[in-house]
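Read off the chains here:
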Amino acid sequence: MSGQPTLAKKLSLDDPLQFIKGVGPKRAALLKKLQMETAADALFFLPFRYDDRSQVKKIANLFPGEMTSFTAKVIDAGVIHIGRRRKIFEAVVQDDSGFIRVKWFQFNESYIAEKIKAGKELIFSGKPTHNKRGGGLEIIHPDTDSGPGENPESIEIGRIVPVYHSTEGLHLKSLRMILKNVVDDYTGLVEEFLPEEILKRYKFPKRNEAIQLAHFPPADTSTDLLVKFQHPAQRRLIFEEFF
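These lines cover the structure that appears in this document, whether it is placed above or below. (Residues numbered from 1 in each chain as written. Predicted model: local features only at pLDDT ≥ 70, side-chain atom pairs only at ≥ 80, totals over all residues. Heavy atoms only, no water.)

### Describing the nonpolar core
Here is step 1: Counting 31 residues, the largest nonpolar core has Leu-31, Met-36, Leu-175 and Val-182 as the members making the most contacts within it.
Here is step 2: Not counting the four nearest positions on each side in its chain, Val-182 is found in contact with Leu-17, Ile-20, Ala-39, Ala-42, Leu-43 and Thr-187. (Core = buried A, V, L, I, M, F, W, Y, C linked by side-chain atoms within 4.5 Å. Buried < 20%, exposed > 50% of the residue type's maximum accessible area, 1.4 Å probe, protein only. Contact = heavy atoms within 4.5 Å.)

Following this line, the structure appears as structure tokens:
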């Protein structure tokens, strides 16, 4: 009957991942290789480590081997051909403290040329290394995001970022976004089963809170505890496996 509101689909932890936003049949097949078929499977597919990208630094303060984020303007960018078949995409980016080169060896040329254009201000995140030929620092395959203030909901930059085991054909950035959608929509359906006495005794968070924090911890979360799997949220999820 026209004019009547459409009833929203009732969510269930048994919902197939194929129908989750950002998945579809092809990605569902890749997720199945990681033993994820339902929303519940995804909620308990936890990170094996974390990258602390909560601190945004100046280029002059970058150190080799240290995961870091910085804001910079693209000064020059383009494809460089090496021999007949090999090519790289290289950009020189700069802030008010200095400049650094960023490079990609695997890329979609039209996509990256549009994203990394001269004049654009972006946030870059990665581990600087020494350039063996010309000296100075460079970053290979950095993650990039919109400039400051343009994407406050970013799950890649300016926060503690979860790192998951993935599979060929499924980029880690895509996997994070899929899991973020599942966590946002489905953690409210997770039921508590530990007695209140246990939660108080060990200072455990509720089950749904623990899942949310284990996947996407706030920027002020102790990275030392996360790395050692000693954060209360992680300890609670480990505890319930033995309960």
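After that view of the structure, there is still more to cover.
### Quick word on the pattern of salt bridges
Here is step 1: Scanning the model with the defined rule gives 16 salt bridges in all.
Here is step 2: Across the pair Arg-53 and Asp-143 runs a salt bridge, and its minimum N-O distance is 2.9 Å. Taken together, the residues span a long stretch of sequence, with Arg-53 in the loop between β1 (49-52) and β2 (56-57) and Asp-143 in strand β9 (residues 143-146) at a distance of 90 residues.
Here is step 3: Through salt bridges with shared partners, a single network forms among Arg-49, Asp-51, Arg-53 and Asp-143. (Salt bridge = Lys/Arg side-chain N within 4 Å of Asp/Glu carboxyl O. Helix = DSSP H or I, 4+ residues; strand = E, 2+ residues; numbered from the N terminus.)

### Re a nonpolar patch on the surface
Here is step 1: Taken together, Phe-229, Ile-238 and Phe-242 make up a surface patch of nonpolar side chains, about 310 Å² in accessible area.
Here is step 2: Secondary-structure assignment places Phe-242 in helix α8 (residues 232-242).
Here is step 3: Owing to a relative accessible area of 71%, Phe-242 belongs among the exposed residues under this scheme. (Patch = residues over 30% accessible without salt bridge, like charges linked within 9 Å, V, L, I, M, F, W, Y side chains within 5 Å. Areas by Shrake-Rupley, 256 points an atom, 1.4 Å probe, with all protein chains shown as cover.)

### So, unusual backbone geometry
The phi torsion of most residues other than glycine is negative, and most of the peptide bonds are trans.
Here is step 1: With a phi angle near 50°, His-141 is a residue other than glycine that sits in the positive phi range.
Here is step 2: On the secondary structure map, His-141 appears in the loop between β8 (137-140) and β9.
Here is step 3: Residues other than glycine seldom take positive phi values, yet Lys-203 does so here, at roughly 55°.
Here is step 4: Among the structural elements, Lys-203 can be located in the loop between α5 (196-202) and α6 (207-215).

### Some thoughts on the packing of α6 against α8
Here is step 1: Two elements in contact, α6 and α8, have axes separated by 8 Å at closest approach and are oriented at 120°. When the interaxial angle is binned, α6 and α8 end up oblique. The handedness of the crossing between α6 and α8 is left-handed. Residue-level inspection shows Arg-207, Ala-210, Ile-211, Leu-213 and Ala-214 of α6 in contact with α8, the latter providing Ala-233, Arg-236, Leu-237 and Glu-240. (Axes fitted to C-alpha atoms, helices over the stretch in contact; angles between N-to-C directions. Parallel < 35°, antiparallel > 145°, perpendicular 65-115°, else oblique. Left-handed = near helix turned anticlockwise from the far one by under 90°.)

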